[in-house]
Amino acid sequence: MTAVVRTSRPVAAHKARPGPARPVRRRVGGLLMAAPALLLFGLFGLVPLVGVLVLSLTHWDGLGSLSWAGLANWGSVLADDATWQALWLTLKVMVVSWLVQTPLALALGVFQAPRGRLRALFAVLWFLPLLLSAVAIGLTWQALLDPSFGIGATPGLHWLAQPLLGSPELALYTVIFVIAWQFVPFHALLYQAGLRQIPVSLYEAAAIDGAGPATRFLHITLPQLKYTFVTSSTLMLVGSLTYFDLIYVLSGGTGGPGTATRVLPLAMYITGFQAHDMGRASAIATLLVVFGLGLSLLTTRLSGFTRMDSQQEGM
Amino acid sequence: MREFQVIGNSGILALPTTRRAAVGAIALAAALSLTACGTSGPGGSSANSSKGLTMWALTDQTILKDSVDAYNKDHPDEKITLRLFANDDYKQKLRVAFGANQAPDIFFSWGGGALDDYVKAGKVDTLTDAQVNLLRFTPSVLKSATFDGKVYGVPANGLAPVVLYYNKKVLKGAGVEPPKTYDELLAAVKKLKGDGVTPISLAANSKWPTLMYLEYLLDREGGSKVFDGIASGDAAAWKDPAVTKANQKLQDLAKAGAFGDNASSVSYDQGASTALLYTGKAGMELMGTWEYANLVKAAPDFVKNDLGYVAFPSVSGGTGDPKSIVGNPSNFLSLNSSSKDKSAALTYLKKYVLNDEQVDAYLAAGSVPPVNKLESKLAAVKSADDKKWLTFVYELVQNSPNFQLSWDQALPSDQADPLLTNVDKSFLREIKPEEFGTNMSEAAQ
């Protein structure tokens, strides 16, 4: 169905495009409009990025003067098992978070999308975690998960009285759970919005053709949500590269127990601001940028995000 | 025909792939640098911007705040602006402020390696007896702020050695006496466990409470000279057999179930380890003397009826002096060498820090300030509980041949994180006792 829809697109698109005389003026106008954003990007994006790259080639303890280090920081960061472990944990958080959050967000979105008072009430309740800061969420969950005084102390819930944040095997999954608790509502909102954009006529037509609810979900809802899915997945994947605050708070600022939750951003922070080794921390930061770049390239290529065509041509 | 919209179907996402990826990466880098800047917000408290002084300390230092208020009352022309910070990120804030030449005139620290970093970078002024009247302070305490024979900070609050607290009721219930030796401690652990309570409450999630065990065990096993060697920068000193023995003893305690099943989930800042002790869910807790004030605040009846405390047990066969103590001798106030009004700062440090009124205020709060000749003041304390406690702490410090500053404060800051991580791994038995020393000597090189 999507294939059929897509072939019809170029015609409509060409029609909508302006005549040959206008592009130059439009481009100048466009640049002007983008100028403030570009300026901010340059100032707060590009300049720090170059700064971090330069810092990664120096020794600096944050106090004294810089000294040139060449590739020494890079050598030690890349040869350090801790870096690769942190990267592995980051990937784990990324993939497991995506696996956990996507079905939940989709299910909640599907539930919320039809209008109705009860659904609206639920939607408001689910929305609450989004209004809280990550630090508040971290501290709350830390208290809730305390085996002696948290939820595990409630009669009937003693099976929860486990070192959920303290066991090296469980801690990472506990963290992933709390991250999901925080972000699933947001992605549910994306899916809800996506669902509400699907024209009712598609469902009506399918119903006339004799399609049941399951068929309609599989053949109309899911394909129509493709780009919502891509958007939500990209946000989840790239976002999980930089999860920091929640993990920092939940692990008491250490990425513990041991190094069981020390993801790459946390390793960067600890190296830079607790061990005061800015050179190595910058090398780790650059690694993160490289992975972010690769990831964003990969998701956009694989998902066909660049060819984000309307799925409703001809409607 | 309605237009199909996906969130983000315009703007950045409409750029060609490579450019979008680049922009995404830049946004990411910006996010990273924001993460980094997050802790650097001293927020326009430049030391030298206006007349008067700035001073940074921790939020819980109310007695310090009172002394600043007293100073400001007497010196309306050269007031001190005091900024108070939460414990966790204070060190990072201070570091970044010094790096950016935005540091306060007077700053609060733990002495040790972190202060030494500033001294080495030429950021801190030496303080002499003539300037700030150093002779009034306990000498073993001043040691933590003394580098190359020169003093760089004055003690600013109470002595904080680490002691073993216990719940009298719980110990009695299990038929256990407060342990005087490590073997008695192990035996007590087994009995308490059999009685169905957590023998020792430990906030292992915060890591530094676990370190306290290792500090004491090493001191008892090998004496204070082992860590003196480590602190002097000798990486090989970490491989001393006493380090392995201390780790072995820590792991033996953990193996015997001393800390229960949940210690690694307990975070000190949440107050859970304190609560375990006063609610009778745990028998003992090893903690700094600040815990007394926490207990008085949270459970005054418990302090009156059931709180007991002893020095850390001795270790048979160890060469260390069982009278030695570890902990935080005190916190210190130091003078920024680029301060523009040093004479005013020195006036504050000399006449207002730990003066008579402040000493009384600390004693009233259950804390022993590190000044000499306190006996008469101690005798005058009215509350019997407080008097017993204050005398215990005072004598513990007076009789100790060595007062070792907490390792995470004593070592250079680049070793603090590997130290805490390896302590945690040793506690979790993820590494063997002998691996601790090997890992640390690698980190120290």
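Everything here concerns the structure above.
What counts, and at which threshold
Residues numbered from 1 in each chain as written. Chains lettered and ligands numbered in written order. Predicted model: local features only at pLDDT ≥ 70, side-chain atom pairs only at ≥ 80, totals over all residues. Heavy atoms only, no water. Helix = DSSP H or I, 4+ residues; strand = E, 2+ residues; numbered from the N terminus. Buried < 20%, exposed > 50% of the residue type's maximum accessible area, 1.4 Å probe, protein only. Contact = heavy atoms within 4.5 Å. Areas by Shrake-Rupley, 256 points an atom, 1.4 Å probe, with all protein chains shown as cover. Axes fitted to C-alpha atoms, helices over the stretch in contact; angles between N-to-C directions. Parallel < 35°, antiparallel > 145°, perpendicular 65-115°, else oblique. Left-handed = near helix turned anticlockwise from the far one by under 90°. Nonpolar A, V, L, I, M, F, W, Y, C, P; charged D, E, K, R; others polar. Salt bridge = Lys/Arg side-chain N within 4 Å of Asp/Glu carboxyl O.

1. Thoughts on the overall build of chain A
Part 1: Secondary structure assignment for chain A yields 14 helices and two strands.
Part 2: Put simply, chain A has 315 residues, and 44% of those count as buried.
Part 3: Pairs at least 24 residues apart make up 68% of the contacts formed inside chain A by residues separated by at least 6 positions.
Part 4: As presented, chain A carries roughly 15,900 Å² of accessible surface, and 73% of it is formed by carbon and sulfur atoms.

2. Describing the packing of helix H9 (residues 208–222) of chain B against helix H11 (residues 241–255) of chain B
In a pair of packed helices, the angle between the axes and the distance between the axes together describe the arrangement.
Residue and element names in this part refer to chain B.
Part 1: Direction vectors running N to C along H9 and H11 enclose 130°, while the axes themselves pass 8 Å from each other. The pairing of H9 with H11 is recorded here as oblique in orientation. Where H9 crosses over H11, the handedness of that crossing is right-handed. Counting all contacts with H9, which are made through Thr210, Tyr213, Leu214, Leu217, Leu218, Glu221 and Gly222, the residues of H11 involved are Ala242, Val243, Lys245, Ala246, Asn247, Lys249, Leu250 and Leu253.
Part 2: Its residues assigned to classes, the contact of H9 with H11 comprises nine nonpolar, three polar and three charged.

3. Section: the pattern of salt bridges
Opposite charge on two side chains permits them to pair, given that their charged atoms come into close proximity.
Part 1: Applying the stated criterion across every chain, the model contains ten salt bridges over all chains.
Part 2: In this structure, Arg262 of chain A engages Asp417 of chain B in a salt bridge whose closest nitrogen and oxygen atoms are separated by 3.0 Å. Highlighted residues: Arg262 of chain A in the loop between helix H12 (245–250) and helix H13 (264–274) and Asp417 of chain B in helix H20 (residues 413–427), drawn from two different chains.
Part 3: Asp125 of chain B serves as the salt-bridge partner of Lys342 of chain B, at 2.8 Å between the closest nitrogen and oxygen. Remark: Asp125 of chain B occurs in the loop between helix H4 (112–120) and helix H5 (129–132) and Lys342 of chain B occurs in helix H15 (residues 342–351); sequence separation between them is 217 residues.
Part 4: Note on Lys342 of chain B: relative accessible area 27%, which makes it partly exposed.
Part 5: Since its relative accessible area comes to 19%, Asp125 of chain B is described here as buried.
Part 6: Residues joined by salt bridges that share partners form a network here, namely Asp61 of chain A together with Arg95 and Asp117 of chain B.

From the geometry alone we can't say anything about function, so treat these as descriptive.
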